[in-house]
Amino acid sequence: MEPVAAIREAAAKAAMGGYSKYTQVSGTLSLRQAVSRALLRDQGLSYQPEQIVVSAGAKQALFNAFSCLLDPDDEAILPAPYWVSYPEQIKLAGGRPVIVPADAAGGYKLTPEALSQALSPKSRLLVLNSPNNPSGAVYTDSELSALVEVALDHGLTIVSDEVYQQVLYPPARHVSPASLSAAAFSATVLISGVSKTYAMTGWRIGYLASPDPDLIRAAAALQSQTSGNPTAVAQRAAEVAWDLPPEATRHQLAAFTARRRLVLDALAEVTGTELVPPNGAFYGFLSIAGCLRRWREEAADAFCERLLAEDKVAVVPGSAFGAPDAIRFSFAVADDVLKEALVRLTQALRR
Ligand code: PLP
């Protein structure tokens, strides 16, 4: 998928129109105003432009957040399956990821009980990612409220990665922990970006939003010394993207919805596998525990290598996400490629 024409035209115009200088480290004021408008429009959240730091993608925003929030040996609670960069970034920031597994039976969602059990005097923050990469899990209002209550009781900061907030399959609905109460708003560091919603992965624009002025100052200072402002031309394009009405990207969602159906139909009856239907994002996260038992293998890694070498299908082993008996594949690929890949994948799983 490509960004809609208005976004690409804005970038071309910016490139020809003098957007070639350094900008404010945290992003231009007009871009942060656009983020602020989008947060209000889409989620009813009221952040001032001064409460936003724009970075080179959500990835850098996350790294800034972990680096500024974690002291040496602080613990960050991380539900598994998790996005691959969280544990590494937490470790780079000097913290310790405390992995809390969530299984297919529970829809790959963290429970308040499991969260409580993982707490220690060193617990500093909780990472939430809904809609989730890799599982596609989307927390409901009440599930999220129960987790937030435990987090607030223990004084945790919640790092809420919401990059897939608009990639949702009805009736799933996105809820940010920041929207649940004034206390939750204060405790949440909201991370998002343009990569997924606007098909702008290579443009590298994301942000961190928080009402904590110390965190905002620290993130801007860190970014100032590590990379400086995000690319000026991309900032201008992102500003246009965030001001687009939701209808502008509806065709992208329609394509994902149709591909999700292809995935669910293809994998409905493959013995030894279990697919929890994704309620958001664009990945299939397939447990192949039954197949691994049949093949007398412990983890999905060798299967993924065989699938790539013999069938020319690329999927990611679940070990990268803290769930070694699963595989993750993306359905953000053209329909004909996806159909052929699903035929080859199901054949390989039946071997
Ligand atoms: N968070 C999650 C859960 C992701 O899946 C990704 C990208 O795959 C990112 C963050 C990074 O997004 P960005 O492209 O904005 O750096």
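The structure reproduced in this document is the subject of the present report. (Residues numbered from 1 in each chain as written. Predicted model: local features only at pLDDT ≥ 70, side-chain atom pairs only at ≥ 80, totals over all residues. Heavy atoms only, no water.)

Structural notes on the site of the ligand
Logical step 1: The immediate surroundings of the ligand are formed by 13 residues, with Ala58, Asp161, Ser195, Lys196 and Arg204 found nearest.
Logical step 2: At a separation of 2.7 Å, an oxygen atom of the ligand approaches a polar side-chain atom of Tyr164.
Logical step 3: Within the contact set of the ligand, an oxygen atom lies 2.7 Å away from a side-chain nitrogen or oxygen of Lys196.
Logical step 4: Protein burial of the ligand: of its 390 Å² of free accessible surface, 92% is covered by the chains.
Logical step 5: A majority-of-atoms criterion places the ligand in the second largest pocket.
Logical step 6: It is helix H3 (residues 57-69) that contributes the most residues to the shell around the ligand, three residues altogether.
Logical step 7: Split by residue class, the shell around the ligand holds five nonpolar, four polar and four charged. (Near = heavy atom within 4 Å. Polar contact = N/O pair within 3.5 Å; in protein donor to acceptor, adjacent residues only side chain to side chain. Areas by Shrake-Rupley, 256 points an atom, 1.4 Å probe, with all protein chains shown as cover. 1 Å grid on protein atoms, 1.4 Å probe; cavity = no way out; pocket = protein on both sides within 12 Å on 5 of 7 lines; lining within 4 Å. Sits in = over half its atoms within 2 Å of the grid points. Helix = DSSP H or I, 4+ residues; strand = E, 2+ residues; numbered from the N terminus. Nonpolar A, V, L, I, M, F, W, Y, C, P; charged D, E, K, R; others polar.)

Looking at the sheet that holds strand S3 (residues 96-101)
Logical step 1: Reading across from one edge, S1-S7-S6-S5-S4-S2-S3 is the order of the seven strands in this open sheet, with mixed pairing throughout. The sheet is open, and its two edges are formed by strand S1 (52-55) and S3, each paired on a single side. The sheet shows a mean angle of 20 degrees between the axes of neighbouring strands, direction not considered.
Logical step 2: With four bridges joining them, strand S6 (residues 188-193) and strand S7 (residues 206-209) adopt antiparallel strand pairing. (Pairing = 2+ DSSP bridges. Axes fitted to C-alpha atoms, helices over the stretch in contact; angles between N-to-C directions.)

Some points on the environment of Ala289
Logical step 1: Within the fold, Ala289 resides in helix H11 (residues 289-295).
Logical step 2: For Ala289, a relative accessible area of 18% corresponds to the buried category.
Logical step 3: For Ala289 and Ala255, which are 34 residues apart along the polypeptide, the C-alpha to C-alpha distance reads 30 Å.
Logical step 4: For Ala289, the contacting residues outside a window of four places in its chain are Gly272 and Asp325. (Buried < 20%, exposed > 50% of the residue type's maximum accessible area, 1.4 Å probe, protein only. Contact = heavy atoms within 4.5 Å.)

By themselves these figures say nothing about function.
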